[in-house]
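Residue-level structural notes
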Amino acid sequence: MKGKIRWNLNWYFCEGFDRDRVERASVEGMEPIHLPHQVRTLTYNCFSHDETQMISTYARKFSLSGEEAARRTVVEFDGVMTYFDLYVNGRLVGSHKGGYSRSRFEISSYVRAGGNTLYLMVDSNERGDIPPFGCVIDYLTFGGVYRDVNLYSLEDTFLTDVLFRYDMTGEDTAEVYPEFYVDNGGGAFTGEIACTVADREGRELACFRQTVSVESGRRSITLDRRKVGGIVRWDPENPQMYVVRAVLTREGRELDAIEDDIGFRTMECRASGMYVNGRRIVLVGMDRHQSYPYVGYSIGRRAQRADADLLRQYGMNTVRTSHYMQSQYFLDRCDEIGLMVFEEIPGWQHIGGEDFKQVVMEDVRSMIVTDFNHPGIFIWGVRLNESADDDELYTRTNALAHELDPSRATGGVRYLTNSHLLEDVYTMNDFCHAGGGGSGASSGGGKDLKQVLRYQQEVTGLPYKVPYLVTEYMGHTYPVKPFDNESLRDEHARRHAEILARSLMKTDSLGAIGWCAFDYNTHGDYGAGDKICYHGIFDMFRIPKYAAYVYRTQKSPEEEILMIPATGFARGEKALYGVMPFLVLTNCDYIEVFMYGKSLGCFFPSDKFFGLPHPPIEVDVDVDALWNAVWQDGKIVGYLDGRPVAEYCFLRDPHLDGFAVVQDDTLISSSEVDTARFEVSFVDQLGHPCVFYNGVIEVETEGDVEVIGPRFLAPVGGRVAFWVKSIPTGKDGTATVRVKAPALEYPPQEFTLHLRKD
Ligand code: GAL
């Protein structure tokens, strides 16, 4: 559908819904807002999980010229949590169930030339007729119009979707047979679809056209198969993207055009592993919830993309969009950087009644039609996460997924053993690892290493091997806060390392995806009692815990050299006195440790983590017996090929010596609500975070930007991040962000943000 207008600006919002207001076309007393939007901003934690459960009203005024009013008008909602009724000019157009699926409404017969008003009655209550609700769930779903809204002005006939189907026939050749969904509001006619495939620099790979019969109503048209050569395949290491553009014409007149990003690759889930373009890849990834502090799901393009970048930077090749369809911006970025995606329908353990199941089926359809072209997606999750077997329902979800997309495997995430395998891949949440392998003080150090990951046939109960994937590990079995006792943070890293090592060595699985990327807001039924599940390898602000470096240090030192001691070098922090044992997460060959003014010798990768390309190094020598000796400055030196390449120093008397601020972006849009992230660390004289410092920072802004959430922020584990958002003016300009540490002597730090109209 061409002629898309991004329709995120100039909305009105209020709590509650009054049908009279709709009749009167009034926005009186409503708050002017821009999208994305959440019905209520939350505190960082300790809120009630009911606060965003409400009925609310969103309104937008718009005017159409006579010409526009004569065309077909479609409004598209990328994500509204959880249910809405749409009214245009006082009349009910339709409704939509489900907070994660895209919906479109034709409003042509409701609009008129001149002024129009559109209302949404949004119900963000956890309604039992809509997945994932009906019982408890371990995450918050927030509420509001939290993704983009788009408006289209169209001819009588338009293309709603393209599913770019193809089969690879050779190394660089494919047979393509794109399918188009066409909406023809007039009579049948003979038209033509012209299609080009080009790379992002515009170099054409293919160009073909075909005469097509366009029947009246909503139809699908699949073009004849044709060969395309000269393809560079999409691969996680080289994610080559192409752009497909198709134009529908009638007697030479263009009716509509559609464009999407695609990539060519094969992906096979076999019992012996995951094969991309015939090459085995062990999946290493994290589950991702799409929530952020204060504003839940309601954050736009830049932050969504940044999450994908962060996961890739930390060594992941896979992400699971637990437990629902996620932002187009996130998925687009995954494609661009070679992050493979397990996408799934919304659900959490509970299966509801008939109405609920109808939404489940619609979710499957919506997920696949909306996201079909993403080359990064390798599997569709067509079970409600961790639900019981329901052969009737899951036979239907699988059949629908296979009908819409025979090219991709299905999975269905379970924690049950011996569950009925109706999908192509047995996808299992394996939380069996209970520690005991490491010598972290809390792991019951010295115990024999327990089972780390289960054998697939022990799980499936099948007499033969099947494609098998671990879709969650760790999570609730070992939650860790950024400011927890060091032993917990150390053990968290150890367990991740043990599981990753085991997964990389397994020959009976596609790999393993860990629970989870980021800490997330949840219900009182779960989490730490403050409405946060501290299961992430990053906190909610996207600040890494030690465990995140387990993954990042698996990268080749040619990419980056890393040496991160998983300790603050404090003698009284661990449950046992002294700093030993500690881990150094590194991709160096070995390290040398200097403490108490002398070298303790060289230390090498620990075989407790055998299987990792770069196992953590464990330092455990008996120097702490010197309990009455003066603690001294020290250092660690990392070596590669015998040469010192990394150095980490620590002090006997580390003390607060300032704060450091890192600004992620300097240029943001003023044509929409764009964001920039700032990360603040309270640091010692050497720049290391003072993990237990609990002062505050204050953020001030000047110009057309504002802070998301509170202006006063307390660090969490010595660090905190905040996002500022642009106030859309459609003008070029600059804004200032000033970070202060009230009550401390340090001078404020100022940052410039350039605002640019698109
Ligand atoms: C799983 C569930 C996740 C999360 C996780 C915590 O059972 O699928 O959503 O709750 O546990 O470890």
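Scroll up to find the structure this text is about.
This text gives an overview of the structure that appears in the document.

Rules behind the numbers
Throughout this document, residue positions are counted from 1 along each chain, in the order its sequence is written. Where totals are concerned, whole chains, interfaces and linings use all residues; where local detail is concerned, this predicted model gives features only for residues with pLDDT of at least 70, and gives and counts side-chain atom pairs only at 80 or more. No hydrogens and no water enter the side-chain calculation; it runs on all heavy atoms of the structure. Where helices and strands are cited, they refer to DSSP runs of H or I of at least four residues and of E of at least two residues respectively, numbered from the N terminus. Within these notes, the globule rule equals 2.2 Å times the number of residues to the 0.38 power, and the radius of gyration is based on C-alpha atoms. Per-residue accessibility takes into account occlusion by the displayed protein chains alone, with areas from the Shrake-Rupley method and a 1.4 Å probe. Any two residues having at least one pair of non-hydrogen atoms within 4.5 Å are treated as being in contact. Any pair of nitrogen or oxygen atoms within 3.5 Å is treated as a polar contact; in protein, a donor-acceptor pairing is required on top of that, and neighbouring residues in sequence qualify only through side-chain atoms on both sides. Cysteine sulfur atoms are paired as a disulfide whenever they fall within 2.5 Å. For each residue, the accessible area found with a 1.4 Å probe, counting protein chains only, is set against the maximum for its type, and the residue is called buried under 20%, exposed over 50%, and partly exposed in between. To estimate how far a helix should reach, multiply one less than its number of residues by 1.5 Å. Put simply, a salt bridge is a Lys or Arg side-chain nitrogen that is within 4 Å of an Asp or Glu carboxyl oxygen. Throughout this document, a residue counts as near a molecule or strand when at least one of its heavy atoms sits within 4 Å of that molecule or strand. Gly is placed with the polar residues, together with every amino acid not listed as nonpolar (Ala, Val, Leu, Ile, Met, Phe, Trp, Tyr, Cys and Pro) or charged (Asp, Glu, Lys and Arg). Pairing of aromatic rings covers Phe, Tyr and Trp, the last through its six-membered ring, and needs centres within 6.5 Å; plane angles under 30 degrees mean stacked, over 60 mean edge-to-face, and all others mean tilted. Here, any two strands with at least 2 DSSP bridges between them count as paired. Only the stretch in contact is used when fitting a helix axis, every axis being a line fitted to C-alpha atoms; angles between N-to-C directions are given from 0 to 180 degrees. Side-chain atoms within 4.5 Å link the members of a nonpolar core, which is a set of buried Ala, Val, Leu, Ile, Met, Phe, Trp, Tyr and Cys residues. Each cavity reported here is a set of points on a 1 Å grid over the protein atoms alone in which a 1.4 Å probe fits but cannot get out, each pocket an open set with protein on both sides within 12 Å along at least five of seven lines, and each lining residue one with an atom within 4 Å of a point. Grid points are joined across faces, edges and corners, and a volume is the space filled by probe spheres set on the points.

1. Thoughts on the overall build of the protein chain
Within the protein chain one finds 9 helices and 53 strands. Expected size for 758 residues packed as a compact globule is a radius of gyration near 27 Å; at 27 Å, the protein chain falls within 12% of this value. For the protein chain, the accessible area works out to roughly 27,800 Å², and carbon and sulfur atoms hold 47% of it.

2. Here we look at the environment of R552
Here R552 shows up in helix α9 (residues 546-552). In sequence terms R552 and Y139 are 413 residues apart; their C-alpha atoms lie 27 Å from each other. Other than its neighbours up to four places away in sequence, R552 contacts Q313, Y314, G315, E560 and L562. Of note is the side chain of R552, whose polar atom sits 2.8 Å from the side chain of E560.

3. So, the state of the cysteines
The term disulfide refers to a covalent linkage connecting the sulfur atoms of a pair of cysteines. For the structure shown, the criterion picks out 0 disulfides. Distance from the sulfur of C602, which forms no disulfide, to the nearest cysteine sulfur (C588) is 12 Å. A relative accessible area of 38% places C602 in the partly exposed class. Residue C690 stays outside any disulfide, its sulfur separated by 16 Å from that of C649, the closest cysteine.

4. A look at helix α3 (residues 301-313)
Its 13 residues give α3 an end-to-end C-alpha distance of 18 Å, which sits within 8% of 18 Å, the value for a rise of 1.5 Å per residue. Among the residues making up α3, those that are buried are A303, Q304, R305, D307, A308, L310 and L311.

5. A short note on the pattern of salt bridges
What the rule picks out here adds up to 67 salt bridges. Among the salt bridges present, the one from R203 reaches D199, with a minimum N-O distance of 3.0 Å. Linking K608 and E618 is a salt bridge whose minimum nitrogen-to-oxygen distance equals 2.7 Å. Of this pair, K608 sits in the loop between β41 (598-603) and β42 (617-619) while E618 sits in strand β42, and the two are 10 residues apart along the sequence. Given a relative accessible area of 30%, K608 falls into the partly exposed group. Look at E618 and you get buried, because its relative accessible area is 15%.

6. Brief notes about the site of the ligand
By nearness alone, 13 residues border the ligand, and D138, H323, W348, E386 and H476 come closest of all. D138 is positioned such that a nitrogen or oxygen atom in its side chain is 2.4 Å from an oxygen atom of the ligand. Take H476: an N or O atom from its side chain is 2.5 Å from an oxygen atom of the ligand. Protein contacts shield 94% of the accessible area of the ligand, which totals 310 Å² for the unbound molecule. Class assignment of the residues belonging to the shell around the ligand gives a composition of 4 nonpolar, 6 polar and 3 charged.

7. A closer look at the packing of aromatic side chains
On inspection of all chains with the given rule, the structure shows 36 aromatic pairs. Ring geometry for Y44 versus F541: centroids 5.2 Å apart, planes at 10°, classification stacked. Taken together, the residues span a long stretch of sequence, with Y44 in the loop between β3 (31-33) and β4 (55-64) and F541 in the loop between β37 (532-533) and α9 at a distance of 497 residues. We classify F541 as buried; its relative accessible area is 1%. For the ring pair F659 and F682, a centre distance of 6.2 Å and an interplane angle of 55° mean the geometry is tilted. Taken together, the residues F659 in strand β45 (residues 658-663) and F682 in strand β47 (residues 675-683) connect sequence positions 23 residues apart.

8. Some remarks on the sheet that holds strand β27 (residues 279-281)
Ordered by their spatial adjacency, 3 strands build an open sheet running β25-β26-β27, and the pairing between neighbours is antiparallel. Strands with a single pairing partner mark the edges of an open sheet, and in this sheet they are β25 (267-270) and β27. Each adjacent strand pair in this sheet contributes to an overall mean axis angle of 35°, direction not counted. Here 4 bridges tie β25 to strand β26 (residues 273-276), and the two strands are oriented antiparallel to one another.

9. Considering the nonpolar core
The tendency in soluble globular proteins is for nonpolar side chains to be buried side by side. If you look at the biggest cluster of nonpolar residues, it comprises 87 residues, and the most contacted ones within it are L311 and Y551. Among the elements that line this core, the one with the most residues is helix α5 (residues 354-371), at 7 residues. What L311 contacts, discounting residues up to four positions off in sequence, is M286, M316, V319, F330, L339, A517, F518 and F538. Grouped together as the second largest cluster of nonpolar side chains are 37 residues, Y294, F541, V661 and A721 included.

10. Details of the sheet that holds β41
Ordered in space as β41-β40-β43-β44, the 4 strands form an open sheet in which the pairing is antiparallel. If you trace the sheet from one side to the other, it starts and ends with β41 and β44 (643-650), each paired once. Put simply, the sheet's adjacent strands are angled 20° from each other on average, direction ignored. With 7 bridges connecting them, strand β43 (residues 634-640) and β44 associate as antiparallel partners. Each residue of the ladder has a partner; that of K635, found in β44, is C649.

11. As for empty space enclosed by the protein
On inspection of all chains with the given rule, the structure shows 4 cavities of 30 Å³ or more. Put simply, the largest cavity is a space of about 120 Å³. Around the largest cavity, the lining comprises 13 residues; the ones closest to its centre are Y146, R147, D148, S327 and Y329. Of the voids in this model, the second largest cavity is the one considered here, and its volume is about 100 Å³. In terms of lining residues, the second largest cavity is bounded by 13 residues, among which D78, Y100, R147, Q328 and T370 are the most central. Residue composition of the lining of the second largest cavity, grouped by class: 3 nonpolar, 6 polar and 4 charged.

12. Points about unusual backbone geometry
With an omega of -10°, the peptide bond running from S322 to H323 counts as cis. Within the element layout of this structure, H323 appears in the loop between β29 (318-320) and α4 (328-337). Note that the residue after M580, namely P581, is joined by a cis bond; omega there is -10°. Phi is positive for F569, which is not a glycine, with a value near 50°. You can call F569 buried: its relative accessible area is 3%. The phi dihedral of D641 is positive, around 50°, even though this residue is not glycine. Here D641 shows up in the loop between β43 and β44. What makes D641 exposed here is its relative accessible area of 68%.

13. As for the environment of F330
Of note, F330 is situated in helix α4. Counting along the chain gives 142 residues from F330 to E472, while the straight-line C-alpha distance between them is 20 Å. Beyond its immediate chain neighbours, meaning those up to four positions away, F330 contacts R288, Q304, D307, A308, L311, V319 and T321.

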